[in-house]
Structure formats: structure tokens, C-alpha cells
Amino acid sequence: MKKLAKQVIFYSALLGIWALLAKLRIWPPYLFPPPWGVGRALWDGFADHSFWIGIAVTMKRMLIGYSLSIVLGMILGLAVSSNKFLEETLGGLLVSLQSLPSICWIPLAVLWFGLTEKAILFVVLMGSLLSVTISMEDGRKQMPKIYGMAGRNLGASGFRLFWSVLLPASLPFIVTGMKQGWAFAWRSLIQAEMIFLSLGLGQLLMMGRDLSDMSQVMAVMILIVILGYMVDGLIFRTMERRLQDKYGLTPA
Amino acid sequence: MSTSPRNAYPPAVPSGPRTGVRANVFQGKPASSVTTFPGRPISEVVVPKVALDAISLSYKATSGECLLALDRIDLEVKPGEFLCIVGPSGCGKSTLLHLIAGLQPQTSGKVLVDGTPVSGPGTDRILIFQELGLFPWLTVGGNVEFGLKMKNISKAEREEKVQYYLRLVHLLKFRDSYIHQLSGGMRQRVALARALATEPDVLLMDEPFGALDAQTRDLLHDELERIWAETGRTIIFVTHNVREAVRLGDRVVLMTFRPGRVKQEFLVNLPRPRHIEHTDVARTARDILDCLRDEINKSLEEEYADEKAR
């Protein structure tokens, strides 16, 4: 409760300073809107359904692109971690490709797929695929060897050893990779939407800019933060913490 | 073989009768001298359950030189025997268990079970690891059931066996708990139940009680002795604690420090159940410890020499 009280005080103070600065009119309101202006933009956005549509479109793309990257990333990660040759060749390439910001894939995606849904999904996929692959690979390596040995000792081998021992044993690492992949995918998607102008939250943000409507810009930014936090901070972090407790990875 | 009324599932005792005098004949090449405490009568000859025939293991050190970890180890373990292996740390006693379990290949020599050479792991030999290696994603019951599932045993039979072995280690109440919810001693018992459930002929235990407090360890000694008597398994138990070895073992094998060889064997002919604080146990342990001390000194000397060289 104490933590909550601190947070309430902090955010009230933040809002207070914001309101005060807006009241003082140091900057014109169309550049620095007051909190109630942003609140009104949020209200209007939900009232005329444009925010609901934006959220729905963005989340649908997220789900498709992200699921694809999870499936492909796991397959790639497994292949790389279980084959010495692939690890030394493809593994290195994947790590170096990760230094490429996902927005750099947009020109390529546009030329390959045109200004289509496919191009956006491609950018999302490239944004999170590499991080999922790399953490899957790390997970297989960091997984305590004892589980594999215990499994073989108790008569497991081949696919059953993989399915009932190696996979669950590396689950905490996989979830960490999934969480990271989500964060990357989320950023890539918003970036791509800002350039493509095809509905979605990114487009709503750009629309605010085009209309010089700073209130809408800030309202959408707040939406993106809240949505991103809800999935990343609440769903994934809870899952991660539960698994780590269960697997004894955190000091009790 | 009698069925205990508490335990619904009667296990098959894989070896000969538990009662009476076990055979004490050391066949083949005697690798070491044998000392008996006090003398015990020698009866019939039995095919060894596990036999190690000139087992050697060498590995490449980081410096590039070839190091000999185990040097031509000959050892025979009779069916139903409780054999303890002691030695200074670094003598390769844990490695020896991994070789018997088939989790690691030896450089030369043979591991024979019932006279047949084995390669690779098999559920006739189950190793209880020093770190246990219990699966945190499964419940206590799930862990015990794991080996049975791998053996494709029917669900009904699995259920029966899980119940039987959990009751044997007094953990039936904790069947649906997860491993992280248990104490150290309880985890040891889960590991024991998981190993016993597959009904191996040979149970290999790698310093299983090293990390436990004294009271818990004493309790588990009693339980292990009881379970050994009830199930009639052959047990090979590795420890660095000589007292523990004498408390549990029919025979104690002392290993030398690097390369690991069998230095000496001691027959422990003390009445059971024993207690770790018993004077006979302490006296026997002291004799073995005197022998072991030379090896410990050797291992320390080598460590200090390494330091000086640096």
C-alpha cells in the first residue's frame, strides 16, 4: 500500500506541474496542451470509435506478426543451438543482424510486398524474430545440464527427451525471449504504422501531427505506453516471475 | 516375500534373500588388500550384480595434456550389497558412478551388469545425482511417475507404483506439491522415490546427503537402510564421509587421489540397524580414516604445489 501511495503522490505531482506549466502559457496551447486537453482528446477518440478501431487493428497485427515470429524463432533457435555448424555460421549472422533497427527493413518490405498488410507483418516479424531466436538458443545453452542427464538416466531419449525434459527445462529462458520479442515487435509495429498510414495506432499518431493536434498526439502516445505496459509489465513479467519462483531461479 | 498391509503395491525383490550371510568372496584380480571387521564367514560364490573390469578414464585438460582420472579399476558388487565408495575430493568417485550409469563413456575397460557388458544409460541402473536433478515443472507425483511413463507402463499401474513409493518415503501427502515447496530432506526423499519407482536393480547414489543438516541426514540414513532392506536393491553409495560409509555399507571401498584407484576394501560386519554415533561405527571409521588421511594429504599437497607454481 505504501508503494501505491507513493505512486499516487508522484503522478499527481506530475499532473500538477504539467497543469501549472500549461496555465502559465509559456508555450502556446497547440504546442503544449494542458492535461485536460489531452484527456478530452482521449475521450473524443474513444467516443468516435477511432481509438477503438486503432487499437483493434494494431493488436491484430501484433498477434499475427508476433505469433509468426515465435513459431519461426523457436524453430530457428532450436536448429542453431543443436547444430554446431549452424551455430558457428548462422548464429553469428543472426547476432549481427540484430544490430539492425527493425525500421531499416521497411524499404525492403515496401519494395517486396508493396504498401500492404504483408509488408507491415514482415517488419514486425523481422523486429522480433531475431531476439526470439537468440534467446531460444541461449535458453538451450543455459539450461542446467543435470535435467538432460536425469532424463536420460530415467529412460528418456530422442523426441521424448526433448518434449518432456529439454523443452520444459528451458521454459523460463523461452519466456524471457518471448517477452523481449514482444517488446521488439511492439516498437517495430508502431514505427511501421507511422510510415504506412494504414489505420492502427501509429497512423493515429501521425494524423495528429498532420492536423497539428498536439492533444491527439499525446493521447495516442499515452495509449501506446499503457497498452505496451499492460502486456509487457503485467502479463509477461508475472509469467516470468512465477516460472522463476517455480524453477528456483530466484533466491527464496 | 510378504506384503506389508500398509502398502497396496508389492514390489518384486530382484535379488536373493536379504537375510542371512552374504557372500564375501573377492574373485578375479584382487586390486587391493581386504580387511575384515571383525572376521566374517565366507559362504557361496555369487555372480556379481555389477562388475567393473579394468575401467580407466582419461581426459584432455585445458593445458592440453592427457590426465588420467580413473586407473584400471576392478570392482565387484554382489546382488543386494550395500557398497560405499569413499575417497578424497577429486578422486573420480562421482565420475565412476556416471560411468556405471552409462551417462559418460569410459576410455577403456568394461562395465558388466549380471555379467553382460553395458553401454549407455538403462533403467536397470538409476543414479541419484548429487544435485538431485528433480524436475521443477512436475509435481512430486509427476517426478516419481516420470521414469514409469518413459517405460510405457499403463496408467493404472503407474498410479499404483507412485502411491507405493511415495508412501515408502512418507511423502504421499505431498504428492501434488512442487519441488520448490519442499525442504532439502524431502527433496532427497523425492529423488529416492523417483529412482526406486523405475525398480532398478542397482541404485547409484552420489553424495546424496552431503548438503543436509545432521538430524535430517541421520533420519534419511535410517530410512535408506529400511528401504534397502525392504526392497533388496543393490546400492553403490559414494560419499566423502567415512562415518556415513561405515554406518550404511556392507563394504567400504577406499579410493586413491588422482588417478583414482581402489586402494583398499573394508568389510563392515556390524549388526544392523546401525547408528552413526555408535562406538563400533566410530572405531571402524577411524581405521578407514587413517588410511584415507594419506590420500587427503596427497590431494592437499598437489593443490599447494599448484599454488607455488603460479
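Residues numbered from 1 in each chain as written. Chains lettered and ligands numbered in written order. Predicted model: local features only at pLDDT ≥ 70, side-chain atom pairs only at ≥ 80, totals over all residues.

**Student:** Got a minute to help me understand the overall build of chain A in this structure?
**Tutor:** Each helix and strand in chain A was counted, giving eleven helices and zero strands. Traced from its N-terminal end to its C-terminal end, chain A shows the element sequence α-α-α-α-α-α-α-α-α-α-α. Out of the 252 residues in chain A, the part that is buried amounts to 36%. Long-range pairs, those at least 24 residues apart, make up 72% of the contacts in chain A between residues at least 6 apart in sequence. (Helix = DSSP H or I, 4+ residues; strand = E, 2+ residues; numbered from the N terminus. Buried ≥ 20, exposed ≤ 12 C-beta atoms within 10 Å, placed from the backbone. Contact = placed C-beta atoms within 7 Å.)

**Student:** What am I meant to see in the confidence of the model for chain A here?
**Tutor:** It should be kept in mind that the predicted coordinates are not to be read in detail where pLDDT is low. This prediction gives chain A a mean pLDDT of 86; 98% of its residues lie at or above 70. The secondary-structure element of chain A with the lowest mean pLDDT is helix H8 (residues 158–169) of chain A, recorded at 85, while helix H1 (residues 2–24) of chain A shows the highest, at 91. (pLDDT = per-residue confidence, 0-100.)

**Student:** Is there a simple way to explain the domain arrangement of chain B in this structure?
**Tutor:** It is common to report an interface's size as the accessible area lost on association of the parts. Residue and element names in this part refer to chain B. Once the domains are mapped, chain B shows domain 1 (33–124 + 202–309) and domain 2 (134–199). Between domain 1 and domain 2, the C-alpha centre-to-centre distance is 26 Å. Facing the twelve residues of domain 1 at the interface are ten residues of domain 2. In terms of residue count, the dominant contributor to the side of domain 1 that touches domain 2 is helix H5 (residues 214–231) (six residues). Here the side of domain 1 that touches domain 2 is built from residues that sort into eight nonpolar, three polar and one charged. (Domains from an automatic or database assignment. Nonpolar A, V, L, I, M, F, W, Y, C, P; charged D, E, K, R; others polar.)

**Student:** Help me understand unusual backbone geometry, please; the structure alone is not making it clear to me.
**Tutor:** The general pattern is negative phi for most residues beyond glycine and trans for most peptide bonds. Residues and elements named next belong to chain B. Located in the positive-phi region is Glu-199, a residue other than glycine, with phi close to 50°. You can see Glu-199 is positioned in the loop between helix H4 (184–197) and strand E8 (202–206). The phi angle at Glu-207 is positive, at roughly 40°, despite the residue not being glycine. Note that Glu-207 resides in the loop between E8 and H5. The exposure class assigned to Glu-207 is buried, which follows from the 20 C-beta atoms found within 10 Å.

**Student:** Looking at this structure, I do not really get the packing of helix H7 (residues 145–153) of chain A against H8(A). What am I missing?
**Tutor:** Geometrically, a packed helix pair is captured by the angle between its two axes and the distance between the axes. Residues and elements named next belong to chain A. Where H7 contacts H8, the axes come no closer than 9 Å and their chain directions differ by 160°. The orientation of H7 relative to H8 falls into the category roughly antiparallel. Here H7 and H8 pass one another in a crossing that is right-handed. Where H7 approaches H8, its residues Tyr-147, Gly-148, Gly-151 and Arg-152 are matched on the opposing element by Leu-161, Val-165, Leu-166 and Ala-169. (Axes fitted to C-alpha atoms, helices over the stretch in contact; angles between N-to-C directions. Parallel < 35°, antiparallel > 145°, perpendicular 65-115°, else oblique. Left-handed = near helix turned anticlockwise from the far one by under 90°.)

**Student:** Before we go on, may I ask you to explain the sheet that holds strand E6 (residues 116–117) of chain B in this structure?
**Tutor:** Across a sheet, paired strands are connected by hydrogen bonds in the backbone, their directions being either parallel or antiparallel. All names here are of chain B. Ordered by their spatial adjacency, four strands build an open sheet running E3-E2-E5-E6, and the pairing between neighbours is antiparallel. The open sheet is flanked by strand E3 (66–77) and E6, the only strands paired with a single partner. Here strand E5 (residues 108–113) runs beside E6; their pairing, made up of two bridges, is antiparallel. Paired with Val-113 across the two strands is Thr-116, which belongs to E6. (Pairing = 2+ DSSP bridges.)

**Student:** Explanation requested: helix H1 (residues 93–101) of chain B in the structure shown.
**Tutor:** Because each turn of an α-helix spans 3.6 residues, side chains separated by three or four positions end up pointing in the same direction. All names here are of chain B. With eight of its nine residues buried, H1 lies for the most part within the structure. Every buried residue of H1 is accounted for by Lys-93, Thr-95, Leu-96, Leu-97, His-98, Leu-99, Ile-100 and Ala-101. After H1 finishes, the residue Gly-102 shows a positive phi value of roughly 80°.

**Student:** Looking at this model, I keep getting lost on the packing of helix H3 (residues 155–168) of chain B against H4(B). Mind explaining?
**Tutor:** All names here are of chain B. In the contact formed by H3 and H4, the axes pass within 9 Å of each other and the chain directions differ by 140°. By the angle class used here, H3 and H4 are oblique. Considering only the axes of H3 and H4, their crossing is right-handed. Taken together, the residues of H4 that come into contact with H3 (itself represented by Lys-161, Val-162, Tyr-165, Leu-166 and Leu-168) are Ala-193, Leu-196 and Ala-197. For the contact of H3 with H4, the residue count by class is seven nonpolar, no polar and one charged.

**Student:** What is the right way to look at the environment of A:Gly37 in this model?
**Tutor:** Residue and element names in this part refer to chain A. With respect to the helices and strands, Gly-37 occurs in helix H2 (residues 35–47). A residue is classified by how many C-beta atoms lie within 10 Å of it, and Gly-37, with 19 of them, is partly exposed. Taking C-alpha positions, Gly-37 is 9.7 Å from Met-218, a pair spaced 181 residues apart along the chain. Every residue in contact with Gly-37, bar those within four places of it in the chain, is listed here: Pro-29 and Ser-215.

**Student:** How should the pairing of E3(B) be read in this particular structure?
**Tutor:** Across a regular strand the side chains alternate sides, sitting on one face of the sheet and then on the other. Residues and elements named next belong to chain B. Pairing between strand E2 (residues 50–60) and E3: eight bridges, direction antiparallel. Within E3, the residue paired with Leu-52 across the bridge is Leu-75. Here E2 hands over to E3 after five residues, with Gly-64 in that stretch at a positive phi of 100°.

**Student:** Looking at this model, I keep getting lost on the interface of chain B and chain A. Mind explaining?
**Tutor:** On the side of chain A, 16 residues touch chain B, which itself brings 19 residues to the contact. Counting residues per element, the ones that place at least two in the side of chain B that touches chain A are strand E7 (125–128) and helix H2 (140–150) of chain B. Among the elements that take part in the side of chain B that touches chain A, H2(B) stands out by supplying three residues, more than any other. A per-class count over the side of chain B that touches chain A returns twelve nonpolar, five polar and two charged.

**Student:** What should I look at first to understand the pairing of E5(B) in this one?
**Tutor:** Where E2(B) meets E5(B), five bridges bridge the pair, whose relative direction is antiparallel. Across the sheet, B:Ser56 pairs through a bridge with B:Ser108, a residue of E5(B).

**Student:** So what exactly am I meant to see when it comes to H7(A) here?
**Tutor:** Along H7(A), the positions that sit buried rather than exposed are A:Tyr147, A:Met149, A:Ala150, A:Gly151 and A:Asn153. In this fold, the buried residues of H7(A) make contact with H8 of chain A together with H1 and E7 of chain B. Taken from the residues just after H7(A), A:Gly155 is the one with a positive phi, measuring 100°.

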